[in-house]
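# Topology and contacts: notes
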Amino acid sequence: MSHRRGSIPAIALLAVLAAGADAGDDWPQWRGPERDGSLSSPELAEAEWPAELPRLWRVEVGAGHSSPVVAEGRVFVHSREGDHEVVTALSLANGERLWSDRYPAPFDANRYAGGHGKGPYATPLVVDGRLFTLGVNATLSAWNAATGELVWRLDPTGGAVDSSKLFCGTAGSPILVGDLLVTHVGDDRGGEVLAVGTDTGEVRWRWRGDGPGYASPVLAELDGTAQIVTLTDRSVISLDPQDGGLLWRIDFPDEWNENVVTPLVLGDTLLYSGVRAGTFLVRPRPTAEGFAVETVWRREDPAMYLSSPVEIGGRVFGMAKKLKGHLFRLDPASGEVTWRGEGRLGDNASLLLAGSTLLVTTTAGEMLVYDTAAEEPMLRASYELADSAVWAHPAVAGGVLLLRDAGGLSAWRLPSAPADPAAGP
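What you see is a predicted model, and the numbers here were worked out from it, not measured in a lab. In this numbering scheme, every chain counts its residues from 1 along its sequence in written order. pLDDT decides what is reported in this predicted model: residues at 70 or higher carry local features, side-chain atom pairs at 80 or more are listed and counted, and totals for whole chains, interfaces and linings draw on all residues regardless. Side-chain descriptors were evaluated using all non-hydrogen atoms of the structure, hydrogens and water having been removed beforehand.

## Thoughts on empty space enclosed by the protein
The line we're drawing: Cavities and pockets are defined on a 1 Å grid built over the protein atoms alone: a cavity is a set of grid points where a 1.4 Å probe fits but cannot escape, while a pocket is an open set with protein on both sides within 12 Å along at least five of seven lines, and lining residues are those with an atom within 4 Å of any such point. Grid points are joined across faces, edges and corners, and a volume is the space filled by probe spheres set on the points. Gly counts as polar in this scheme, as do all residues outside two lists: the nonpolar Ala, Val, Leu, Ile, Met, Phe, Trp, Tyr, Cys and Pro, and the charged Asp, Glu, Lys and Arg.
If you walk through the whole model with that rule in mind, you get five cavities of 30 Å³ or more. Taken as a whole, the largest cavity holds about 60 Å³ of empty space. The residue inventory of the lining of the largest cavity, partitioned by class, reads five nonpolar, four polar and two charged.

If you want it as structure tokens, here you go:
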């Protein structure tokens, strides 16, 4: 089960990742700066929520479920127009189009997933003046974020991906590991996780094995070892960030190869879930022979499908498929569910945490605001932000929430903490 080697010190490698992602008010990647749906925003956590949120602007950006990313006052969107994928940069301040480029990306959508369109689905990543996108057919591109100039492009599979065998094409969002861009490509016949140099697009290492699910990889430090963890179409795997060697693997088959949920790192444990398998907490530990993975607990209910969970203060919040979509809170130490919402949220919801404030955006275009500090989470506010389906995860930057609906991107001003009277004018 194992691959044990002297690797880069975990703390040092995680620091490199954090340095690349942390840019103040930026939202540089899938699920935000920490890749876990958390916001370092005390102003938002303490805000008084108004009856309505002011909309700053809305622009049409084309089709797709890819989430927006933000860096240095620019919003980047990856979308589709006809048989082309389009990359667009907008001004965060007013939605003005700054640059746009496109490339051919014909896609044969799986007949069982026609309602989800033709992508793209993977969220871009922006760091150090470069924007990286992963197309629905596994095309990797690097752009100059300021000018839109194409820096390099790579088709890592040589066109071998059979997109008709994937419900949503290539969907896992790339992750930055040091100076490497790591992503998972392939189909249900098999695939590979590959790491390419951000400067040149040169492939540095490959791990060949299972095809991708639809989850996105995370970088974890588990028992002092840095590792890249992701869900494939039939397993959970951990790879050495240095060379892609397999550290450990857990069988995790699904009838429809729908392993979608991004895993959540909780100290030295890992939480993952599947719609037909339930939710698991495991603890990987190094041994003389490699890694042994202990199952701490498994619960058939809750079972997550599309929505990825968040954690605050030793409590996990997520959305389960049951009851036509409902929120839940569980104790990760025991797996016990300590609260459930009423249900009927819809097919998907994206969760963001700012302190004890939980923001939930649903496929119906609604945003719910919960105070999670009390024993029973309290709904503080709700807003109708879109009149068409919302599948993309929102981004938050500079006090603005960016929400992508079926064809457009809108910017909404979030409230800030009330002024302290003792501070004076």
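## Section: the sheet that holds strand β11 (residues 175–177)
Our working rule: In short, DSSP must find at least two bridges between two strands for them to pair. Helix and strand labels come from DSSP, where a helix needs a run of H or I of at least four residues and a strand needs a run of E of at least two; each type is numbered from the N terminus. Convention adopted: a line fitted to C-alpha atoms gives each axis, helices being fitted over their contacting stretch, and angles between N-to-C directions are expressed from 0 to 180 degrees.
Taken together, four strands build an open sheet; the order of strands is β11-β12-β13-β14 and the sheet is antiparallel. For this open sheet the edge positions go to β11 and β14 (203–209), each flanked by a neighbour on one side alone. Within the sheet, the average angular offset between the axes of one strand and its neighbour, ignoring direction, is 25°. Where strand β12 (residues 180–187) and strand β13 (residues 190–197) come together, eight bridges link them in antiparallel fashion. Paired with Leu-180 across the bridge in β13 is Gly-197.

## Quick notes on the pattern of salt bridges
Formally: Between Lys or Arg on one side and Asp or Glu on the other, a salt bridge is scored when a side-chain nitrogen of the former is within 4 Å of a carboxyl oxygen of the latter. Burial status follows relative accessibility: with a 1.4 Å probe on protein chains alone, a residue under 20% of its type maximum counts as buried, one over 50% as exposed, and anything between as partly exposed.
All chains considered together, the criterion is met by 18 salt bridges. Among the salt bridges present, the one from Asp-254 reaches Arg-276, with a minimum N-O distance of 3.0 Å. Taken together, the residues span a long stretch of sequence, with Asp-254 in the loop between β18 (246–251) and β19 (264–266) and Arg-276 in the loop between β20 (269–274) and β21 (278–287) at a distance of 22 residues. The buried category is assigned to Asp-254, whose relative accessible area is 10%. Put simply, Arg-58, Glu-60 and Asp-405 are held in one network by salt bridges that share partners.

Shape is all these values report; function is a separate question.
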